[in-house]
Amino acid sequence: MEHWRDQAIVLGARSHGENGAVLSVLTEHNGRHAGYVRGARSSKMRGILERGNLLSVDWNARVSDNLGSYNVEPISNLAANVLDDPLRLSALVAACRICDEALPEREGHAGLFHGMLAMLEALESEGWAIVYVMWEVALLRELGFSLDLSRCAGGGDDTDLAYVSPKTGKAVSAAEGEPYKDRLLPLPDFLNTHKDGGGDAADILKGLKLTGYFFEHWVFAHHTRGIPEDRLRFQERFAKTVEDSKHAVAS
Amino acid sequence: MDQLIKSLASLPGLGPRSARRIALQLLTNKDKMLAPLVDSLAKARDEIVMCDECGNLDAANPCRICQNPERTGTVFCVIEDVADLWAIERTSAFKGQYHVLGGVLSALDGIGPDDLAIGPLLERLQKYNPSEIILALSATVDGQTTAHYLTDKIRDLGITANITRLAHGVPVGGELDYLDDSTITTALKSRSSVS
């Protein structure tokens, strides 16, 4: 018999049979890992298996290659804290979906787990959107698609970075990028290591567009379904919030 | 016999063993149990239809709720499925119109906006121009994601109705000690003044 116990963040639960579900979680030591949960659709279990919740899981299987089954105990119901907030809820759903689709199965990475947990816990704070974008930048790095935002790829002034090359993921200074600015992605100020400040809603939207571009063209380029719809919906909703706040200020 | 057992076993809550017991019970009491059941099933198949207006199941189309002149069209209640409609109707606490969505958005299960009755809902809202829209959807991530999506769509159409949702929190007769953490968290967030 194979058995382990670990902490886990719920990424999704797909109904299986009448009462069960196949649960996908991001664990601290065993990476993204699926398993069957009996009685997952009972009134007691449904609230526990919501995306973003932190659980203690016991995984058992006859052999390690099997799907196996989980016994779960709730640790923290993080999803309940953001149910009423459309933007925060969208961010939580997008993060869980990206992890569920992009991470390789059964490859343990404690850093990824703790990074995701910190991001989910930060969803209740004021600066949650900045934390979310930084988490996506870190996730891209862990998936092997590192963005170099510290120096100019064109040999220009490192203290004047303004763009990111969509081909290489490297920063470009304002002067070097000027002739190609229509083809470059804008670098948000809060991701610029040589600048203080930034981080307003418009700046965060630039960050979401930046990471969204690389998820779409690098991470999910060869996925048949492309970038998860939940991630696109989150970016759309954020863009709409920025537009609405602009109109409110103008009027 | 096998076909009967197979059909019964495919119903929710029944397995092959219970299906065999039911089949045996029906066949040994043909006059008392099987004949009335066959009649009821045939009648249901022939007469019960989905309401074109709200998505309810009824012998009339539009259903009796949609046709009832005493039910106001100024309050709309949006629900996931017919079982939720029946649950609210049992309380007799709501006297407005319903709209059954047919589920909630769930990317995991491949349910997108086009799979739900969102278009007909928006058409009805434009037609009736209600003063309040109650989004009575589950207090789950998918349920609330759907509620937020609907709110955006309704506002995009310029409908200015008050959009509300059901309260989340302590159930009647519930003791705090036995409630799960998320229910207590949402109950604390949704607390109201007693005076």
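Our subject is the structure listed above.
Residues numbered from 1 in each chain as written. Chains lettered and ligands numbered in written order. Predicted model: local features only at pLDDT ≥ 70, side-chain atom pairs only at ≥ 80, totals over all residues. Heavy atoms only, no water.

(A) Region of the structure containing the sheet that holds strand β3 (residues 75-79) of chain B. Residues and elements named next belong to chain B. Reading across the sheet, the 4 strands line up as β4-β3-β5-β6 and stay open at both edges, with parallel pairing between neighbours. Every interior strand has two partners, whereas the edge strands, β4 (97-100) and β6 (162-165), have only one. When the angles between neighbouring strand axes are averaged without regard to direction, this sheet yields 25°. The pairing of β3 with strand β5 (residues 132-135) spans 4 bridges and is parallel. For Phe76, the partnering residue across the bridge sits in β5 and is Ile133. (Pairing = 2+ DSSP bridges. Helix = DSSP H or I, 4+ residues; strand = E, 2+ residues; numbered from the N terminus. Axes fitted to C-alpha atoms, helices over the stretch in contact; angles between N-to-C directions.)

(B) Representation of a nonpolar patch on the surface. Together, Ile48, Met50, Leu57 and Trp86 of chain B make up an exposed nonpolar region whose accessible area comes to about 420 Å². Mapped onto the elements, Trp86 of chain B comes out in helix α5 (residues 82-91). (Patch = residues over 30% accessible without salt bridge, like charges linked within 9 Å, V, L, I, M, F, W, Y side chains within 5 Å. Areas by Shrake-Rupley, 256 points an atom, 1.4 Å probe, with all protein chains shown as cover. Salt bridge = Lys/Arg side-chain N within 4 Å of Asp/Glu carboxyl O.)

(C) Structural detail: helix α3 (residues 110-122) of chain A. All names here are of chain A. Taking 1.5 Å per residue, 13 residues should reach 18 Å; α3 reaches 18 Å between its end C-alpha atoms and fits that length. Here α3 has its buried residues at Leu112, Phe113, Met116, Leu117, Met119, Leu120 and Ala122. Contact partners of the buried residues in α3: β1 (2-16), β2 (20-27), β4 (54-61), α2 (86-102) and α4 (128-142). (Expected span 1.5 Å × (residues − 1). Buried < 20%, exposed > 50% of the residue type's maximum accessible area, 1.4 Å probe, protein only. Contact = heavy atoms within 4.5 Å.)

(D) Representation of the interface of chain A and chain B within the structure. The partner chain B presents 25 residues to the 25 residues of chain A that form the contact. Here chain A and chain B share an interface that buries about 2,100 Å² over both sides, 51% of which is from carbon and sulfur atoms. Of all residues in chain A, Leu83, Asp84 and Arg237 of chain A bury the most surface against chain B, accounting for 23% of the area lost on that side. At the junction of chain A with chain B, the criterion picks out 5 salt bridges. With a shortest N-O distance of 2.2 Å, Asp142 of chain B and Arg51 of chain A are connected by a salt bridge. The tally of links between chain A and chain B comes to 7 residue pairs in polar contact (both at pLDDT 80 or more). Mapped by element, the contributors of at least two residues to the side of chain A that touches chain B are β1, α2 and α7 (229-250) of chain A. (Buried area = accessible area lost by both parts, 1.4 Å probe. Polar contact = N/O pair within 3.5 Å; in protein donor to acceptor, adjacent residues only side chain to side chain.)

(E) Spotlight on the side chain of Thr183 of chain B. Positionally, Thr183 of chain B belongs in helix α8 (residues 181-189). The residues touching Thr183 of chain B, leaving out its near neighbours within four places in the chain, are Gly169 and Val170 of chain B.

(F) A look at the packing of helix α6 (residues 201-219) of chain A against α7 of chain A. Residue and element names in this part refer to chain A. Across the interface, α6 lies against α7 with an axial gap of 10 Å and an inter-helix angle of 160°. Classed by the angle they form, the pair α6 and α7 counts as roughly antiparallel. The handedness of the crossing between α6 and α7 comes out as left-handed. On α7, the residues touching Ala201, Ala202, Ile204, Leu205, Leu208, Lys209, Thr211 and Gly212 of α6 are Arg231, Phe234, Gln235, Phe238, Ala239 and Val242. When grouped by side-chain class, the residues that make up the contact of α6 with α7 number 9 nonpolar, 3 polar and 2 charged. (Parallel < 35°, antiparallel > 145°, perpendicular 65-115°, else oblique. Left-handed = near helix turned anticlockwise from the far one by under 90°. Nonpolar A, V, L, I, M, F, W, Y, C, P; charged D, E, K, R; others polar.)

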